[in-house]
Amino acid sequence: MTGAPARRTLTATIVAVGPPERTREAHEVLQALAAKTAVRNILITLGDNPAPEIRTEGDVVTIEGLVPRYLNNAVARLRVSSMPSLAWWRGGEREELESLADLVDRVVLDSVDPTRDWAVADTIAQSTTISDLRWTRLTRWRSLVAQFFDITDARIDGTVFSTLDVRGGDPWSGRLFGAWMTSRLPHGESLQVNVEEVSGGAPIESISLAGDGTRLFLRLLPNRHCIESSVEKSGEVLASRIGPAVDDRLEVLLGEELRVRSRDVAFEDALRQAKVIHD
Amino acid sequence: MDVNPLRDGLRIEPSPGPTTIVIFGASGDLTRRKLLPALYRLSVEQRLPPRFSVIGIARTPMDDEGFRGQFREAVSVDRQSEVATSFERCLHYMPGELDDPAVYARLCDQIQGDAHGNGVLFYLAIPPAAYSTVIERLGAAGLTHQKTPRDWRRIIVEKPFGSDLGSATALNALLHQYFDESQVYRIDHYLGKETVQNLLVFRFGNGMFEPIWNRRYIDHVQITAAETVGVETRASYYENAGALRDMVQNHLMQLLTLVAMEPPIAFTADSVRDRKMDALLSVQPLVNRKLGTSSVVRAQYAAGWVDGHEVPGYRSEPGVAQSSVTETFVGLRVQLDSWRWAGVPFYLRTGKRLPKRTTEIAIQFKRPPLEIFKRATSASVAPNLLIINVQPDEGISLRFEAKLPGTRMQLSPVMMNFRYGSTFGGDVPEAYETLLLDAMIGDSTLFARHDFAETSWGLISPVHDAWGEAVARSIPQYEAGEWGPAEAGRLIEGDGRRWRTL
């Protein structure tokens, strides 16, 4: 073993599971996370090797080609006992995801195409807490929109919002955001959600919530580091503000997920609603 | 909508409603070094509300642009930073004399011009001598009146909160003429530090420590706040204050009460502050008729070496009188009259020009009742020690005995360390960020209540009075770079104990 972090007070285990093509990126992310946070990291790629190679570099233990039915056994052996464990799910079969969920305190989904994962999310939520990195990326956007509703802002007081337009490079993120709004806003069920895919764009490029001549508009600025939020009434910009966009490096998002212990009902509701929007 | 439905499940903490912060003393050091950087960080973290503004007031002639330039210098941001530019637009400046009613009339127009309702937080970042002027003018201008919950008015008062019991009581009385106690936030930045807050979590979020947190298991407590710096540019203030007023009355008393308090019934401002008050009220007077001030020692630094540099003595510092007897070091033995702490001394020490900058609380436990390893080891076993590092390396360490590997039964003390930085990573918020946000949200848990300030002064003022009456106007000296005077050692050694070597 190399590296210094072994002397630290370990606080959690992260188990990253995914297909081989996503392993290298995950390995780098876990190394970066280990340098900042006292977490034991286990990276597993599934395969058919009955005697898979186990490598340890710094705080990251890597197992390549593990036979799926041994997944539980490997994780149980390597996790830090009595401390929270988080599964970072980067794609795979439903059975493997469900068996892993039985062993960890939190499942964080991160598949390229989340359709299959979202389909079993309700089942997983019955045994452990669940989230999705798409949801974590939306936190800053959700927070910015929520601020306008904190103490009902006179500029939007009484407004019935009727349309939500979300543009971005990841339609699932747009759908999830729309689902969150419809599941949370009063009269949300009548909100018309339009998700427009922007090829090569950031997961979310802009969000526009409009109704009764009022529009809340948020957009990622061309520098990609800032989000501008503004309120318009009858075409006139009443206020605008620029804040930093979310730092969407995977190690930062996972670090954020490590801080959450409780069940995220808003996410679960949004996910159910997202499936409705999708269907 | 009374409850924001979009906050449900949102991981980011609630941000305050529309707020204007009015900083009196906006061109000063505190604003530049602490307040503006803290507010900017809150802005970056998206913790400020959409409708937010700062109005800086000071004598220095300056316009909005000048104030914004001051902000740029304070936070060293890139001129191209859009976030900083956006934050800058919230900064406004109003030059004027603090006793000029016209300033308050203009302020009134600006604040009350917002028809949507706005909370207003007044921040007194000014010399204490000017507090009463500003409070009276705010009151006279009707700026302290809260028409609706949304139009809240609060005031943050910086330390020192008074200079003795009389002045603290008078200041409280003045504040209460114009503000309800719930509107007053007496800031002590120590309470905004992560480790200090963690002390509450450590004690009351764990089941295993509270049962042994008492006279049955604890031998004594040492609280140290050591600085390597000298008086620097604060001589005019420090000459009249000294270490006892500057550090003990507020910071160390706060730490003491957090260690000594009984469990609150809830983590609410009133409950926590009530229990802290109980602990403070149980502190025995520091001066008594028989022993005088024998439980308090004071000293002043002489020339010496700190961090490899030769440094002058206190009396040679700019702005300090040649014959000054102001204490730069204080050591105290404090006893608490309570069921939990009867017979357990709390040793407090603080000083300037000490060898190391550190603030810590050390809880020393009693030795095991029977030393069964006496035959195996020549030295007696080291007592268990719990160290809470407040700064600079925030964390908690526990010392316990372990067997040295080998065929013989040999014991050795080992440390189990928890460090915030390496365990959780990320940036720990500055104390001022936490406290400013709490004041905007209306959470006064981490602020001193009026009775705490007065009771604490009630303990400290008699010591100063006794020193003032002393016939010999002299003060012991310690060499800069040493851990205080010999008298401090004698204070604790007389009880058969020693100061920890830090």
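Cut-offs applied
- Residue numbering note: each chain is counted from 1, following its sequence as written.
- Whichever chain is written first becomes A and whichever ligand is written first becomes 1, with later ones labelled in order.
- Residues qualify for local features only when their pLDDT is at least 70, as the model is predicted, and side-chain atom pairs are given and counted only at 80 or more; totals for whole chains, interfaces and linings, by contrast, use all residues.
- Residue ranges for the domains trace back to a domain assignment, done automatically or taken from a database.
- For the purposes of this entry, the term helix denotes a DSSP run of H or I that reaches at least four residues, the term strand denotes a run of E that reaches at least two, and both are numbered from the N terminus.
- It is the C-beta atoms, placed from the backbone, that decide contacts: two residues are in contact if theirs lie within 7 Å.
- In the scheme used here, Gly and all other residues not listed as nonpolar or charged are polar, with Ala, Val, Leu, Ile, Met, Phe, Trp, Tyr, Cys and Pro taken as nonpolar and Asp, Glu, Lys and Arg as charged.
- Each residue carries a pLDDT value, the predictor's own confidence for that position, ranging from 0 to 100.
- Pairing between two strands requires that DSSP report at least two bridges joining them.
- Where helices are involved, their axes are fitted lines through C-alpha atoms of the stretch in contact, as for all axes, and angles between N-to-C directions lie from 0 to 180°.
- Exposure in this text rests on C-beta crowding, where 20 or more other C-beta atoms within 10 Å of a residue's own make it buried, 12 or fewer make it exposed, and counts in between make it partly exposed. The C-beta atoms are placed from the backbone.
- Looking down the strands as they point away from the viewer, one classifies a crossover as right-handed if the path from the first strand across the helix to the second runs clockwise.
- By convention the crossing between two helices is left-handed if the near helix lies anticlockwise of the far one by an angle smaller than a right angle, and right-handed if it lies clockwise.

Engineer: Please explain the domain arrangement of chain B as it appears in this structure.
Structural biologist: It is common to report an interface's size as the accessible area lost on association of the parts. Residues and elements named next belong to chain B. Assigned domains of chain B: these are domain 1 (14–158) and domain 2 (191–493). Centre-to-centre separation of domain 1 and domain 2, based on C-alpha positions: 34 Å. Those elements that provide at least two residues to the side of domain 1 that touches domain 2 are α1 (29–44), β4 (119–124) and β5 (153–157). Considering each element in turn, the side of domain 1 that touches domain 2 owes the most residues, six residues, to α1.

Engineer: Would you explain the interface of chain A and chain B in this entry?
Structural biologist: Contacts between chain A and chain B engage 38 residues on the former and 29 residues on the latter. The element that contributes the greatest number of residues to the side of chain A that touches chain B is helix α6 (residues 139–147) of chain A, accounting for eight residues. Tallied by class, residues from the side of chain A that touches chain B come to 19 nonpolar, 10 polar and nine charged.

Engineer: Help me understand the confidence of the model for chain A, please; the structure alone is not making it clear to me.
Structural biologist: In low-pLDDT segments, the atomic positions of the prediction should not be examined closely. Predicted confidence across chain A gives a mean pLDDT of 87, with 93% of residues reaching 70 or more. With pLDDT under 50 throughout, residues 1–6 of chain A is counted as low confidence; its partners more than four residues away or in other chains account for 10 contacts.

Engineer: How should the sheet that holds strand β4 (residues 60–66) of chain A be read in this particular structure?
Structural biologist: Residues and elements named next belong to chain A. What the seven strands build is an open sheet, ordered β3-β4-β2-β1-β5-β6-β7; its pairing is mixed. Of all strands in the sheet, those with a lone pairing partner are β3 (53–57) and β7 (129–132), marking the two edges. Direction aside, neighbouring strands of the sheet carry axes that sit 20° apart on average. Across the sheet, helix α1 (residues 23–36) is in contact with β1 (12–18), β2 (39–49) and β4; its angle to β2 comes to roughly 165°. The strands touched by helix α4 (residues 115–125) are β5 (85–89), β6 (106–109) and β7; relative to β7, the strand with the most contacts, the crossing angle is about 155°.

Engineer: Sorry, what's going on with the environment of B:E430 here?
Structural biologist: Structurally, B:E430 can be placed in the loop between α10 (420–424) and α11 (431–441). B:E430 sits 237 residues away from B:K193 along the chain, and the two C-alpha atoms are 7.1 Å apart.

Engineer: Looking at this structure, how should I read the pairing of β6(A)?
Structural biologist: Successive residues of a regular strand alternate their side chains across the two faces of the sheet. Residues and elements named next belong to chain A. Every second residue of β6 is oriented toward a common face, with R106 and V108 on one face and V107 and L109 on the other, all of them buried. Once the chain exits β5 it traverses helix α3 (residues 94–101) before rejoining the sheet at β6, and the crossover so formed is right-handed. Judged from the four bridges that link them, β6 and β7 form a sheet pairing that is parallel. Bridge pairing in β7 places V108 opposite S131.

Engineer: I'm lost on the packing of α3(A) against α4(A) in this one. Help?
Structural biologist: For any two helices packed against each other, the geometry is given by the interaxial angle and the distance between the axes. Residue and element names in this part refer to chain A. With their axes 11 Å apart at the nearest point, α3 and α4 run at an angle of 35° to one another. α3 and α4 meet at a crossing whose hand is right-handed. Between α3 and α4, the residues in contact are R94, L97, E98 and A101 and R116, D117, V120, T123 and I124, respectively. Taken together, the residues that form the contact of α3 with α4 break down as four nonpolar, one polar and four charged.

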